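# Observations on the three-dimensional arrangement
Each chain is listed here by its residues.
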Amino acid sequence: ESYPKILTLAIGDGANDVPMIQEADVGIGIFGKEGHQAANNSDFAIAQFKFLRRLLLVHGRACYLGLANVCLYCLHKNMVITFTIFWYTFLASVSGTSPYESWMYTGFNFALGLPIIFHGILDRDVSQEFCLKYPQSYQTSRDNKILSIPNMLAWFVNGLLYAFMISALSYLAFYDSFKEYVPFD
C-alpha cells in the first residue's frame, strides 16, 4: 500500500524553536516576547497565533489553487506551441523550417502569459469566510487534486490535440504551397 509523504509544519515563537522551524518542511515563526529569532528563521512570519488559522485555511488554499492552475496552464500553452512545431516539421519534410518567426515566440508567451498570472493572483472560487467556516475546503490542496497525474495527463492530451488541430488547419489553409515542390539546382 502506498502512503502519501508526510509533511511537517513547525510553529514557534522563540529562539529555542529555531532548530525545529528550520528542520520542518514548512516553518512558521511568530513574533514573540522572546524576540524575532523564530520569525527571522521561518518560511512564514506572523504577528500572533490567532493569524495561523487564516494563514493555513485561506491563504494556503488560495496559494495552492493559484499555483496549480498557473502550472497547468503554462504546461498546456507551451505544449501547444511545441507540438505545433513538431507536427509542422513533418509537413515541411523535416527541413528545419519553423512555422513561426522568432518574435512570434515572444509575443505568444507574453500575450498568453499575462492573463494566467492575473488569474492565479486574483481568482478565488470561494470566499475567505467560507474557508474559515468549512475547514474541509482545504482538502483540495492537501490531497493535491489539481496537480494529480490523471489531471496533468488530461491537460497534456488536450495540448496535443490543440496542436494537431492548429497544424491540420494550417495545412488545409496552405495546401497549395505544400504540394508544389521545386527542387534546388
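Just above sits the structure.
Residues numbered from 1 in each chain as written. Predicted model: local features only at pLDDT ≥ 70, side-chain atom pairs only at ≥ 80, totals over all residues. Heavy atoms only, no water.

We now examine the overall build of the chain. Check the secondary structure of the chain and you find eight helices and three strands. Secondary structure elements of the chain occur, N-terminal to C-terminal, as β-α-β-α-β-α-α-α-α-α-α. Over its C-alpha atoms the chain spans a radius of gyration of 24 Å, topping by over 25% the 16 Å that the globule rule assigns to 185 residues. Per-residue burial for the chain yields a buried fraction of 25% across its 185 residues. Looking at the chain alone, contacts between residues at least 24 apart form 51% of all its contacts between residues at least 6 apart. Surface exposure of the chain reaches about 13,100 Å², of which carbon and sulfur atoms provide 64%. Mean positive and mean negative side-chain charge positions of the chain (12 and 15 charges, respectively) differ by 12 Å. (Helix = DSSP H or I, 4+ residues; strand = E, 2+ residues; numbered from the N terminus. Rg over C-alpha atoms; globule rule 2.2 N^0.38 Å. Buried < 20%, exposed > 50% of the residue type's maximum accessible area, 1.4 Å probe, protein only. Contact = heavy atoms within 4.5 Å. Areas by Shrake-Rupley, 256 points an atom, 1.4 Å probe, with all protein chains shown as cover. Lys, Arg positive; Asp, Glu negative; His and termini not counted. Charge placed at Lys NZ, Arg CZ, Asp CG, Glu CD.)

Turning next to the layout of surface pockets. What the largest pocket holds in volume is close to 710 Å³. What lines the largest pocket is a set of 18 residues, among which Leu7, Val26, Leu56, Tyr138 and Ser141 lie closest to the centre. Of all the secondary structure elements, the ones that give two or more residues to the lining of the largest pocket are strand E2 (26-30), helix H3 (52-91) and helix H6 (139-142). For the lining of the largest pocket, the leading source of residues is H3, giving six residues. Residue classes in the lining of the largest pocket are distributed as eleven nonpolar, four polar and three charged. (1 Å grid on protein atoms, 1.4 Å probe; cavity = no way out; pocket = protein on both sides within 12 Å on 5 of 7 lines; lining within 4 Å. Points joined across faces, edges and corners; volume = space filled by probe spheres on them. Nonpolar A, V, L, I, M, F, W, Y, C, P; charged D, E, K, R; others polar.)

It is worth spelling out the state of the cysteines at this point. Scanning the entire structure with this criterion turns up zero disulfides. Between Cys63, a cysteine without a disulfide, and Cys71, which holds the nearest cysteine sulfur, the sulfur-to-sulfur distance is 12 Å. By relative accessible area, Cys63 is classed as partly exposed at 43%. With no disulfide of its own, Cys131 lies 13 Å from the sulfur of Cys63, the closest cysteine sulfur. Cys131 gets classed as buried once you look at its relative accessible area, which sits at 4%. (Disulfide = S-S within 2.5 Å.)

Residue position: Ser141 is located in helix H6. We classify Ser141 as buried; its relative accessible area is 12%. When the C-alpha atoms of Ser141 and Tyr64 are compared, they prove to be 6.0 Å apart, with 77 residues separating the residues in sequence.

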